[in-house]
Structures are given as structure tokens and as C-alpha cells.
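Now for the letters of each chain:
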Amino acid sequence: MIQQDMDNSVTTQEVEISAGISPENVEEILSMIGASGLFSPDEMASAESMAWDSAYGDGSGPETFLKATVNEEGQETIIGFICFGPIQFWPGDYELYAL
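Residues numbered from 1 in each chain as written. Predicted model: local features only at pLDDT ≥ 70, side-chain atom pairs only at ≥ 80, totals over all residues. Heavy atoms only, no water.

Trainee: Tell me about the overall build of the protein chain, and please be specific about residues and values.
Mentor: Helix and strand counts for the protein chain come out as 2 helices and 6 strands. The N-to-C order of helical and strand elements in the protein chain reads β-β-β-α-α-β-β-β. Here the protein chain holds 99 residues, and the buried ones make up 28% of them. Restricting the contact set of the protein chain to residue pairs at least 6 apart, pairs at least 24 apart contribute 48%. For the protein chain, the exposed area adds up to about 6,600 Å²; of that, 53% sits on carbon and sulfur atoms. (Helix = DSSP H or I, 4+ residues; strand = E, 2+ residues; numbered from the N terminus. Buried < 20%, exposed > 50% of the residue type's maximum accessible area, 1.4 Å probe, protein only. Contact = heavy atoms within 4.5 Å. Areas by Shrake-Rupley, 256 points an atom, 1.4 Å probe, with all protein chains shown as cover.)

Okay, here's the thing in C-alpha cells:
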């Protein structure tokens, strides 16, 4: 991640992409979804379902959840995510959400 400061100096940070999320990550991701204003209520509910399934699943479920994080002063901060999975009741169709 590249960030330009007010004094025009440039700071870079390493972004880590990892598969899966923990239960502790779900509320932070849901807050990001809500704050973005980019998701309809149905999309928010679907992304929430995939987040909880991924957080509490054993990895054998059909959904995929990736998160992008940076480490700021020893604290991992989620800066984005991608989730992908089948649409319930629509065999063969999938949905993808990202932020």
C-alpha cells in the first residue's frame, strides 16, 4: 500500500493477503461493508452469511474468503476483503463481493 502524506512524502506498507477469517474479524468486516455504502441490504446479508460461514467453518465449505491486512505498530488492520461462493437456491450461480 502506498500512501502520500500531507508534506508529499510517500510511505509504503506491506499488504498481506490471507485465506479465511476468524470470528474476531467478522464484526470489523461487517462494519466496513456497512460504512462503504456500496452494498444493498441483500448483498450485505449474503456477505455476512459468507463471513460467518468462513469464520466458523472447517474450510470444507463452498465459500472462499480472502482478507487484505497491514501491520500498523504491531496491530493487524483489515483494509479489504474478497468473498466468493454459491448463491443459495440458485444452483450453478455464484456471487462475488469485494471491498
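Trainee: If you had to explain the nonpolar core to someone new, which residues and values would you point to?
Mentor: Core analysis: the biggest nonpolar cluster contains 16 residues, and I21, I29, I33, F65, F81 and C83 have the highest contact counts within it. Mapped by element, the contributors of at least two residues to this core are α1 (23–36), α2 (41–56) and β5 (75–86). When residues of this core are assigned to their parent elements, the largest contribution, 5 residues, is made by α1. Contact partners of I29, with chain neighbours within four places excluded, come to I21, F65, I78 and F81. (Core = buried A, V, L, I, M, F, W, Y, C linked by side-chain atoms within 4.5 Å.)

Trainee: How would you explain the environment of Q13 if you had to name every residue and give the values?
Mentor: Positionally, Q13 belongs in the loop between β2 (10–12) and β3 (16–19). The class for Q13 is partly exposed, based on a relative accessible area of 23%. Distance from Q13 to V70, taken between C-alpha atoms, is 6.9 Å for residues 57 residues apart in sequence.

Trainee: Run through the pattern of salt bridges, naming residues and quoting values.
Mentor: Using the criterion set out here, one finds 1 salt bridge in the structure. The salt bridge partner of K67 is E76, with a shortest N-O separation of 3.4 Å. Residue classification places K67 among the buried residues on the basis of a relative accessible area of 10%. (Salt bridge = Lys/Arg side-chain N within 4 Å of Asp/Glu carboxyl O.)

Trainee: Tell me about α1, and name the residues and values.
Mentor: In a regular helix each residue adds 1.5 Å, so 14 residues correspond to 20 Å; α1 covers 21 Å between its end C-alpha atoms and thus fits that length. Downstream of α1 by a residue or two, G37 has a phi angle that is positive, lying close to 70°. (Expected span 1.5 Å × (residues − 1).)

Trainee: Please set out the packing of α1 against α2 residue by residue, giving values where relevant.
Mentor: Between α1 and α2, whose axes approach to 9 Å, the crossing angle comes to 165°. For the element pair α1 / α2, the angle class is roughly antiparallel. In this structure, α1 crosses over α2, and the sense of that crossing is right-handed. Residues P23, V26, E27, L30, I33 and G34 of α1 touch α2, and the partners they reach there are M44, A47, E48, A51, W52, A55 and Y56. Of the residues in the contact of α1 with α2, the class split is 10 nonpolar, 1 polar and 2 charged. (Axes fitted to C-alpha atoms, helices over the stretch in contact; angles between N-to-C directions. Parallel < 35°, antiparallel > 145°, perpendicular 65-115°, else oblique. Left-handed = near helix turned anticlockwise from the far one by under 90°. Nonpolar A, V, L, I, M, F, W, Y, C, P; charged D, E, K, R; others polar.)

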